[in-house]
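Tertiary structure, described
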Amino acid sequence: TQLLEQSPQFLSIQEGENLTVYCNSSSVFSSLQWYRQEPGEGPVLLVTVVTGGEVKKLKRLTFQFGDARKDSSLHITAAQPGDTGLYLCAGKAAAGNKLTFGGGTRVLVKP
Amino acid sequence: NAGVTQTPKFRVLKTGQSMTLLCAQDMNHEYMYWYRQDPGMGLRLIHYSVGEGTTAKGEVPDGYNVSRLKKQNFLLGLESAAPSQTSVYFCASSYRPAAPPWDTEAFFGQGTRLTVV
């Protein structure tokens, strides 16, 4: 079983501050996805990274895939209350069609 | 476009009762998944299907069965519910890419909150 560990589990910051969420594994993944989930809803895809060392930017969000494709990070610049939610990383192994999720990081951005 | 629809949205069962959760998608996706979400544990894969008539076990399959008789539907059954199966259940679907990159977005339903007492 390939495990994905996210840290921290919970993050509370003030509006305007920056934050970074980490997703780590001892296994290699062919790709890493980041999802955001709001209360009462299912997760929604934010980004997919597929190449080791890849960096993708989505407005104030920056996603990085580790060189060895075992870890990833999500950085939010100047966080806003609308960024509040549960952030989940999900990895897919090279073989098979299973998407394995991390435990999630709950982010609270206070106005 | 409805996307992925789960029914019911809420259910309370007594220990030992059985029930079936229905997932329907209208995007013609080949892949479908059932996950359970518990506090602090993210989403854990129960069973999944890579096409009509096929199913496979995920991380936590015990106590659950699934069927994919039609491409658009994926059913999750609990034969004898236990309190440990109290959770929020999510269905997801994704399409099978014809070319790289091989990784596609999973679309999720809104979840079914199940309580077993």
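1. Quick look at the nonpolar core
- Core analysis: the largest hydrophobic core is formed by 21 residues, its most contacted members being Leu19(A), Leu32(A), Trp34(A), Phe63(A), Leu74(A), Ile76(A) and Val107(A).
- Sorting the residues of this core by element identifies strand S2 (10-14), strand S3 (19-24), strand S4 (31-37), strand S5 (44-49), strand S7 (61-65), strand S8 (71-76), strand S9 (85-92) and strand S11 (105-110) of chain A as the ones contributing at least two each.

2. Some words on the pattern of salt bridges
Residues and elements named next belong to chain B.
- Using the criterion set out here, one finds six salt bridges over all chains in the structure.
- Residue Asp38 pairs with Arg44 through a salt bridge whose shortest N-O separation is 2.8 Å.
- Overlapping salt bridges bring together Arg36, Asp38 and Arg44 as one network.

3. Regarding the packing of aromatic side chains
- On inspection of all chains with the given rule, the structure shows nine aromatic pairs over all chains.
- Taking the centre distance of 6.0 Å and the plane angle of 75° together, the rings of Phe101(A) and Phe108(B) count as edge-to-face. Here the residue Phe101(A) occupies a position in strand S10 (residues 99-101), and Phe108(B) occupies one in strand S10 (residues 107-108), the pair thus bridging two chains. The burial state of Phe101(A) is the same as that of Phe108(B); both residues are buried.
- Ring geometry for Tyr64(B) and Tyr89(B): centres 5.9 Å apart, planes at 65°, overall edge-to-face. Of this pair, Tyr64(B) sits in strand S7 (residues 64-67) while Tyr89(B) sits in strand S9 (residues 87-94), placing them 25 residues apart in sequence. Tyr89(B) shares its class with Tyr64(B); the two are buried.
- By way of ring pairs, the aromatic residues Tyr35(A), Phe101(A), Tyr33(B), Tyr35(B), Tyr48(B), Phe90(B) and Phe108(B) are connected into one cluster.

Basis of the calculations
Residues numbered from 1 in each chain as written. Chains lettered and ligands numbered in written order. Predicted model: local features only at pLDDT ≥ 70, side-chain atom pairs only at ≥ 80, totals over all residues. Heavy atoms only, no water. Core = buried A, V, L, I, M, F, W, Y, C linked by side-chain atoms within 4.5 Å. Buried < 20%, exposed > 50% of the residue type's maximum accessible area, 1.4 Å probe, protein only. Helix = DSSP H or I, 4+ residues; strand = E, 2+ residues; numbered from the N terminus. Salt bridge = Lys/Arg side-chain N within 4 Å of Asp/Glu carboxyl O. Phe/Tyr/Trp six-rings, centres within 6.5 Å; stacked < 30°, edge-to-face > 60°.

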